[in-house]
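# Working through the structure, step by step
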Amino acid sequence: MDRITALLEQMSVGGTTSIRTHTDVDPEVGLAGIEAVQKAALSLRERIDVQQVAFPQQGVVTRPGTASLLKDALDMGATAIGGVDPAGFDGDPNGQLDAIFNIGSNSGCDIDIHLHDPGELGVWQVLQIIQRTKGMGMEDRVTISHAFCLADMPAPVQSKVFDGLAEARISLTTAAVFSRPVLPLKILAEYGINVGCGNDGIRDLWSPYGNGDMLERAMFVAYRGDLGVIRTLRWPWTRLHITARRS
């Protein structure tokens, strides 16, 4: 908890007033992470607002009991649930997506899915997410983080995917990490798709980098997104939110 509190304080000093953080939930750790972040957030509630995403880091279908824990996390105060590579990780895309969308629809919470799967497999999952979002009336409540597959889609499917994301009002988040593909920011702006940026971990088991400075992260995203002209830097990006996978 001390590390979480220190990070929240550091981010607050840097000007951050609202955080969305992905907190690991699985049968081994249970809800310990949710509770720890909750306590740290409570101690700084006058300075910073913390929204927790109950995140199934180890999968949903492959980890029996995880779906139930996601519901319990919502009862504890989490306001969103996550998903992770429904096909590439769980090996059961429909199973994972059905599970988290049913929870989201029944509880009224948001959904934030980490999608790393590239190419056609990734694009197919994006289309499945769009279909469920629209079919279950969850517009404005779904975010896809990373979505590397959107960076190199074949031209014939681009308009279908981007139109679908815009119609479903699905938000996208990128962290501009290492050599991984970055979302096509200029195209997304043309379609009016909401884009956010966040940290993919802050000096944790994933990497030794990251300090929680959102202005610095926005700079990384702009740099890798080739936003080097004043006109593009002044685009009306509607929201920046932090997606720190480990607090």
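Just so you know, these numbers come straight off a predicted model, no measurement behind them. (Residues numbered from 1 in each chain as written. Predicted model: local features only at pLDDT ≥ 70, side-chain atom pairs only at ≥ 80, totals over all residues. Heavy atoms only, no water.)

## With respect to the side chain of His-22
The criterion, for reference: Helix and strand assignments come from DSSP, with helices taken as H or I runs of at least 4 residues and strands as E runs of at least 2, each series counted from the N terminus. Any residue under 20% of the maximum accessible area for its type is buried, any over 50% is exposed, and the rest in between are partly exposed; the area is computed with a 1.4 Å probe on protein chains only. Throughout this description, a polar contact denotes any pair of N or O atoms lying within 3.5 Å of each other; where both atoms belong to protein, one of them has to be capable of donating a hydrogen while the other can accept it, and for residues adjacent in sequence the pair is counted only when both atoms sit in side chains.
Position of His-22 among the secondary structure elements: in strand E1 (residues 18-24). In this structure His-22 comes out as buried when scored by relative accessible area, which is 0%. Within the structure, His-22 has its side chain in polar contact with the side chain of Asp-112 (distance 3.4 Å).

## Remarks on a nonpolar patch on the surface
Quick reminder of the rule: For patch building, the residue pool is restricted to those with more than 30% relative accessible area and no salt bridge; the joining distance is 9 Å between like charges and 5 Å between nonpolar side chains (Val, Leu, Ile, Met, Phe, Trp, Tyr). Computed with the Shrake-Rupley method and a 1.4 Å probe, the accessible areas treat only the protein chains shown as cover for residues. A pair is scored as a salt bridge if a Lys or Arg side-chain nitrogen falls within 4 Å of a carboxyl oxygen belonging to Asp or Glu.
Together, Met-219, Phe-220 and Tyr-223 line one region of the surface with nonpolar side chains, adding up to about 350 Å² of accessible area. As for its placement among the helices and strands, Met-219 is situated in helix H8 (residues 214-224).

## Some remarks on the layout of surface pockets
Rules: Cavity and pocket criteria rest on a 1 Å grid covering protein atoms alone: a 1.4 Å probe that fits but cannot get out defines a cavity, protein on both sides within 12 Å along at least 5 of 7 lines defines an open pocket, and an atom within 4 Å of a point defines a lining residue. Grid points are joined across faces, edges and corners, and a volume is the space filled by probe spheres set on the points.
What the largest pocket holds in volume is close to 400 Å³. In this structure, the largest pocket is lined by 22 residues; those nearest its centre are Ala-176, Val-177, Phe-178, Asp-200 and Ser-207. Broken down by element, the residue count for the lining of the largest pocket peaks at four residues, all from H8.

## Focus on helix H1 (residues 2-13)
Put simply, the test is: Multiply 1.5 Å by the residue count of a helix minus one, and that product is the helix's expected span. The arc in question is the one traced by the directions running from the helix axis out to the C-beta atoms. The contact rule is simple, with two residues in contact once any of their heavy atoms fall within 4.5 Å.
The terminal C-alpha atoms of H1 lie 17 Å apart, and with 12 residues this matches the ideal 16 Å at 1.5 Å per residue to within 8%. Within H1, the full set of buried residues consists of Ile-4, Thr-5, Leu-7, Leu-8, Met-11 and Ser-12. Along the axis of H1, the buried residues cluster in a sector spanning 160°; they form a single face. Of the exposed residues in H1, the ones pointing more than 90 degrees away from its buried face are Asp-2 and Val-13. Among the structural elements, E1, helix H2 (32-43) and strand E2 (49-55) are those in contact with the buried residues of H1.

## Focus: the packing of helix H3 (residues 66-76) against helix H4 (residues 93-107)
Just so we agree on the cut-off: Only the contacting stretch of a helix is used when fitting its axis, a line to C-alpha atoms as for every element, and angles between N-to-C directions run 0 to 180 degrees. By definition in this entry, angles of less than 35 degrees are roughly parallel, angles greater than 145 are roughly antiparallel, angles of 65 to 115 are roughly perpendicular, and the rest are oblique. Should the near helix be turned anticlockwise from the far one by less than a right angle, the crossing is termed left-handed; should it be turned clockwise, right-handed.
H4 packs onto H3 with a crossing angle of 25° between their chain directions and a minimal axis gap of 10 Å. When the axis of H3 is compared with that of H4, the two are roughly parallel. Regarding H3 and H4, the two cross each other, and that crossing is right-handed. Residues Ala-67, Leu-70, Lys-71 and Leu-74 of H3 form the contact with H4, whose participating residues are Ile-100, Ile-103 and Ser-107.

## Some words on the confidence of the model for the protein chain
Short version of the rule: A score between 0 and 100, pLDDT records how confident the predictor is in each residue.
Predicted confidence across the protein chain gives a mean pLDDT of 89, with 92% of residues reaching 70 or more. Taken as a whole, residues 237-247 scores under 50 in pLDDT and shows 60 contacts with residues more than four places along the chain or in a different chain.

## Some thoughts on the nonpolar core
Here is the rule we go by: Here, the term nonpolar core denotes a set of buried Ala, Val, Leu, Ile, Met, Phe, Trp, Tyr and Cys residues that are joined through side-chain atoms within 4.5 Å.
Formed by 48 residues in total, the largest nonpolar core has its most connected members in Ile-81, Ile-100, Phe-101, Val-126, Ile-144, Leu-150 and Leu-165. For Leu-150, the contacting residues outside a window of four places in its chain are Val-126, Val-161, Phe-162, Leu-165, Leu-172, Leu-183 and Pro-184. Leu-7, Met-11, Leu-44 and Ile-202 belong to the second largest nonpolar core, which has 12 residues in total.

## Comments concerning the packing of H1 against H2
Put simply, the rule reads: Residues are grouped as follows: Ala, Val, Leu, Ile, Met, Phe, Trp, Tyr, Cys and Pro are nonpolar; Asp, Glu, Lys and Arg are charged; every other residue, Gly included, is polar.
Across the interface, H1 lies against H2 with an axial gap of 9 Å and an inter-helix angle of 45°. Looking at the two axes, H1 sits oblique to H2. Between H1 and H2 the crossing geometry is right-handed. Taken together, the residues of H2 that come into contact with H1 (itself represented by Ile-4, Thr-5 and Leu-8) are Ala-36, Val-37, Ala-40, Ala-41 and Ser-43. Counted by class, the contact of H1 with H2 contains six nonpolar, two polar and no charged residues.

## What about the packing of aromatic side chains?
Where we set the bar: The criterion for an aromatic pair is that two Phe, Tyr or Trp rings (for Trp, the six-membered ring) have centres within 6.5 Å, with stacked assigned to planes under 30 degrees apart, edge-to-face to planes over 60 apart and tilted to the rest.
Within this structure, the stated rule accounts for one aromatic pair. Summarising the aromatic geometry, the rings of Phe-162 and Tyr-191 are spaced 5.3 Å apart at their centres and angled 45° between planes, so their arrangement reads as tilted. Remark: Tyr-191 occurs in helix H7 (residues 185-191) and Phe-162 occurs in helix H6 (residues 155-168); sequence separation between them is 29 residues. Among the residues examined, Phe-162 registers a relative accessible area of 1% and is labelled buried.

## What about the pairing of strand E4 (residues 110-115)?
Test applied: Note on pairing: two strands pair once DSSP finds at least 2 bridges between them. A right-handed crossover is one whose linking path, passing over the helix from the first strand to the second, runs clockwise when the strands point away from the viewer.
Buried residues dominate E4, accounting for six of its six residues. Judged by which residues are buried, E4 turns out to be covered on both faces: Asp-110, Asp-112 and His-114 on one side and Ile-111, Ile-113 and Leu-115 on the other are all buried. Examined bridge by bridge, strand E3 (residues 80-84) and E4 share five bridges and lie parallel to one another. Within E4, the position partnered with Ile-81 by the bridge is Ile-111. Taken together, E3, H4 and E4 form a β-α-β motif whose crossover is right-handed. Of the strand pairs in this sheet, E4 and strand E5 (residues 142-146) are connected by five bridges, and their pairing is parallel. Among the inter-strand pairings, Ile-111 is bridged to a residue of E5, identified as Val-142. In this view, the connection linking E4 to its parallel neighbour E5 by way of helix H5 (residues 119-135) has right-handed handedness.

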